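# Reading the structure
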Amino acid sequence: MKTVEEIKAAIETAVPGASIEIVPNASPSGQLSLLLAPNHAVAVAEFLRDDAELALDFLSNATGIDWPDKEITEKVKVMRQVLKTVDGAEKMVEETVDETRKHVQPGYLEVVYHLFSIEKKHGPVVIRMRTTNRTDQVQLPSLTPVWRSAEFQEREIFDLFGIVFTGHPDLRRLLMWDGFKDHPMRRDYVEPDDFEYEPTAHDEVLARSKAHQAAGQEGAGVGL
Amino acid sequence: MAVEEGLKIELGKQGVFVTTIEELYNWGRRSSVWPMQFGLACCAIEMIATTMARYDLARFGAEVFRPSPRQADLMIISGTVTKKMAPQVVRLYNQMAEPRYVIAMGACAISGGPFKQGYNVLKGIDRYIPVDVHIPGCPPRPEALLQAFITLQKKITGQPLTGEDRPRHLDAEAQGEFPVPHQGEHDLEPTANKGVWTVPVVIR
């Protein structure tokens, strides 16, 4: 099979205007993946499926990832005017000072597809797409029209992560009920406080059931 | 009035059969407990195995699995009850005619089991409907289900027809319909039926 770099080059020649980024992977597997821009994703997917050499006719897995907002602290050297006593007289002197800066790297939601070719017996090729943010701009193009096996998996991702797949034929919640408002697989999901009876509580569960009782909620069934 | 056990055997030897209405009635009930044909998860496979030739639940008069709750006496909660499924389970229980019994089969049905801290699994069906027999195990072996069944039969045999402990169907005041939980925005509402389930106290 072609390497990831070759696939990237093939896509860029076949789909004009498509921007592909190779996502590095520091783990021992070193499996690289292709980050697609959402506006060209369907065209790229169709190319991957229909190209005679790649023939990635099978989508084996689609999964979601939640990347929350990340606070990054970094030390920067800054030139600054400092009041200093030089030769008995006070002067403004320029000096480099260490400064810690904090900035928030905005989070996003990501979806990862694993593609194989049954015809050519090769794979996987991993493609990814990212949303703009985690709150209101969470739309991504659905790849269900390209690979039918994405249908339920995209519904599951919609349910658990809250990514809205545009162009999906039947986008409803899959595991939770329709009136459910949360997305349980997101990092900031708050589970309902139902820790009133934990007969074999330990570690995190024990802490939570104690917190449940401390909040004055009903419940006495904590095993200590 | 109960007949002395020794006298009854003696009379039986002489060809005289003595019984009470209560005994006869309960014998009939316990010997034809028809379970409802519904399975929720992997425990259902064990339940199916129990009904087949090797374990043969038919020996206890329970071979007829009814596909309609109207014709069933026993609900075997065989597997994980998800929060999405719980209202349907309670609704099916409400549709069953009295006398009706419930066996909660396996770790999930009695407590949530390995999925207890999950966002989508109910922490035991006994929060919404009264359960007669709990079976631990993941999944319980067919022998355990048979044991639960025998326990249930013993319970039916011991039920008096009058007085405080009479079964629900002979008590006009008894609660017949159990509230179906509503699927709310974050969880089931209410999280438990307080008339059926109160928080147990663990004493150590």
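See the structure printed just above.
What counts and what doesn't
- Residues numbered from 1 in each chain as written.
- Chains lettered and ligands numbered in written order.
- Predicted model: local features only at pLDDT ≥ 70, side-chain atom pairs only at ≥ 80, totals over all residues.
- Helix = DSSP H or I, 4+ residues; strand = E, 2+ residues; numbered from the N terminus.
- Rg over C-alpha atoms; globule rule 2.2 N^0.38 Å.
- Buried ≥ 20, exposed ≤ 12 C-beta atoms within 10 Å, placed from the backbone.
- Contact = placed C-beta atoms within 7 Å.
- Pairing = 2+ DSSP bridges.
- Axes fitted to C-alpha atoms, helices over the stretch in contact; angles between N-to-C directions.
- Core = buried A, V, L, I, M, F, W, Y, C linked by C-beta atoms within 7 Å.
- Right-handed = clockwise from strand over helix to strand, strands pointing away.
- Parallel < 35°, antiparallel > 145°, perpendicular 65-115°, else oblique.
- Left-handed = near helix turned anticlockwise from the far one by under 90°.
- Nonpolar A, V, L, I, M, F, W, Y, C, P; charged D, E, K, R; others polar.

Turning our attention to the overall build of chain A. From N to C terminus, chain A includes four helices and eleven strands. Relative to the globule expectation of 17 Å for 224 residues, the C-alpha radius of gyration of chain A, 25 Å, shows a markedly less compact shape. If one aligns the C-alpha atoms of chain A with their principal axes, the spans along those axes are about 80 × 65 × 35 Å. Evaluated residue by residue, chain A yields a buried proportion of 24% over its 224 residues. Relative to all contacts within chain A whose residues are 6 or more apart in sequence, the contacts with residues 24 or more apart total 54%.

Residue and element names in this part refer to chain B. Reading across the sheet, the three strands line up as β1-β2-β3 and stay open at both edges, with parallel pairing between neighbours. Edge positions in the sheet fall to β1 (74-78) and β3 (133-135), since each of these pairs with one other strand and no more. The mean angle between the axes of side-by-side strands here comes to 15°, regardless of whether they run parallel or antiparallel. As defined by bridge partners, β1 adjoins strand β2 (residues 101-105) across five bridges and the pair is classed as parallel. Paired with I76 across the bridge in β2 is I103.

Here B:E98 and B:P99 are connected by a cis peptide whose omega angle stands at -5°. As for its position among the elements, B:P99 is in the loop between α4 (86-95) and β2. Residue B:P139 is bonded to the preceding B:C138 through a cis peptide linkage, with omega at -10°. Positive phi is not limited to glycine here, since A:A55 has a value of about 50°. Counting through the fold element by element, A:A55 comes out in the loop between α2 (41-50) and β3 (58-67). Positive phi, normally seen in glycine, also occurs at A:K121, with a value near 55°. Here A:K121 lies in the loop between β6 (108-117) and β7 (122-130).

Attention now moves to the sheet that holds β3(A). Residue and element names in this part refer to chain A. Taken in spatial order, the five strands make up an open sheet running β1-β2-β7-β6-β3, and their pairing is mixed. Lying at the two open borders of the sheet, with one neighbouring strand each, are β1 (20-23) and β3. The sheet shows a mean angle of 25° between the axes of neighbouring strands, direction not considered. Where β3 meets β6, nine bridges bridge the pair, whose relative direction is antiparallel. The residue bridging F58 from the neighbouring strand is F116, located in β6. Together, β3 and β6 form the strand contacts of helix α3 (residues 150-161), whose direction differs from that of β3 by roughly 10°.

Residue and element names in this part refer to chain B. Residues M75, I77, V81, I103, A104, M105 and I125 are the most contacted members of the largest nonpolar core, which totals 43 residues. Mapped onto this core, the elements with two or more residues apiece are α3 (43-51), β1, α4, β2, α5 (106-111), β3 and α6 (142-157). Setting aside anything within four residues of it in sequence, one finds V81 in contact with L40, A86, V89, C108, A109, L122 and I125.

All names here are of chain B. Burial within β1 is extensive, with five of its five residues counted as buried. A two-sided burial pattern is seen for β1, the buried positions comprising L74, I76 and S78 on one face and M75 and I77 on the other. For the segment spanning β1, α4 and β2, crossover handedness is right-handed.

With that settled, the discussion passes to the packing of helix α2 (residues 21-30) of chain B against α6(B). Residue and element names in this part refer to chain B. Their axes nearest at 9 Å, the elements α2 and α6 cross at an angle of 155°. Judged by the angle between their axes, α2 and α6 are roughly antiparallel. Between α2 and α6 lies a crossing whose hand is right-handed. Contacts between α2 and α6 pair N26, R29 and R30 from the former with Q153, I156 and T157 from the latter. Its residues assigned to classes, the contact of α2 with α6 shows one nonpolar, three polar and two charged.

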